[in-house]
Amino acid sequence: MTSEGADELRARHYLRGLGARPLGHQEPTVEPRLVTPTRIIPAGALLPVGPPARPPSRPEGPPSMLLALLAAALLPGAITTWLMRHRGWAIALLAGIGATAALPFLLLTALVVFPPLGFAVGIAAGLAALDAFGAGRIWAATALATVSAVALACAGWSL
């Protein structure tokens, strides 16, 4: 036996005494799962009793952010109505409705005048739309995708 072979045997004996194994031959440190989606289920394997547990869903009802945005959109109209009440409630209500209806046009004008704002709103709405599509909320996702397209178009980005 050559000295190289003797050195290898000595090293293996020493490592075996330490409890080391060759690479790839270590005992698993975690208990192997009986059922995995990546391999064929062996005969006699224990199967789960029911479907996998669903992650907690979002609470039903309108999200608080939607309520905050709605309040922010209606607040200028309410303030205008309150400030114009001395001219009569009919004129005050018309002025409040006009102020509320002008907000989307003001936002679109801001997106055209300041393109970085348009890009920020477009990207944020696009990411929110992807999240909504993933959660299965198709109508909200479609509305957010439309907002994203309009904001990016106002910023000057086109396909």
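Calculation notes
Residues numbered from 1 in each chain as written. Predicted model: local features only at pLDDT ≥ 70, side-chain atom pairs only at ≥ 80, totals over all residues. Heavy atoms only, no water. Helix = DSSP H or I, 4+ residues; strand = E, 2+ residues; numbered from the N terminus. Expected span 1.5 Å × (residues − 1). Buried < 20%, exposed > 50% of the residue type's maximum accessible area, 1.4 Å probe, protein only. Arc of directions from axis to C-beta. Contact = heavy atoms within 4.5 Å. Patch = residues over 30% accessible without salt bridge, like charges linked within 9 Å, V, L, I, M, F, W, Y side chains within 5 Å. Areas by Shrake-Rupley, 256 points an atom, 1.4 Å probe, with all protein chains shown as cover. Salt bridge = Lys/Arg side-chain N within 4 Å of Asp/Glu carboxyl O. Axes fitted to C-alpha atoms, helices over the stretch in contact; angles between N-to-C directions. Parallel < 35°, antiparallel > 145°, perpendicular 65-115°, else oblique. Nonpolar A, V, L, I, M, F, W, Y, C, P; charged D, E, K, R; others polar.

### Notes on helix α4 (residues 115-135)
Stage number 1. In this model α4 runs 30 Å from its N-terminal to its C-terminal C-alpha over 21 residues, within 8% of the 30 Å that 1.5 Å per residue would give.
Stage number 2. Along α4, the residues classified as buried are G118, G122, A125, G126, A129 and A132. Buried residues in α4, looked at end-on, bunch into an arc of 125°, giving them a common side. In this structure, α4 carries I123, L127, L130 and G134 as exposed residues pointing more than 90 degrees from its buried face.
Stage number 3. Buried residues in α4 make contact with α3 (89-113) and α5 (138-154).
Stage number 4. A positive phi of about 90° marks G136, the residue just after α4.

### Notes on a nonpolar patch on the surface
Stage number 1. Side chains of L75, I79, W82, L83 and W89 sit close together on the surface and give an oily, nonpolar patch of about 580 Å² of accessible area.
Stage number 2. Checked against the element boundaries, L75 lands in helix α2 (residues 64-83).

### Details of α5
Stage number 1. Over its 17 residues, α5 extends 24 Å from the first C-alpha to the last, a length consistent with the 24 Å expected when each residue adds 1.5 Å.
Stage number 2. Turning to α5, its buried residues are A141, S148, A151, L152 and C154. Buried residues of α5, viewed axially, fall in a sector of 155°; they line one side. Exposed and facing more than 90 degrees away from the buried side of α5 are W139 and A153.
Stage number 3. G156 sits one or two positions beyond α5 and adopts a positive phi of about 100°.

### Describing the packing of α3 against α5
Stage number 1. Contact pair α3 / α5: the axes reach a minimum separation of 7 Å and the direction vectors enclose 50°. Here α3 lies oblique to α5, going by the angle between them. Between α3 and α5, the residues in contact are L108, L111 and V112 and V150, A151 and C154, respectively.
Stage number 2. Of the residues in the contact of α3 with α5, the class split is six nonpolar, no polar and no charged.

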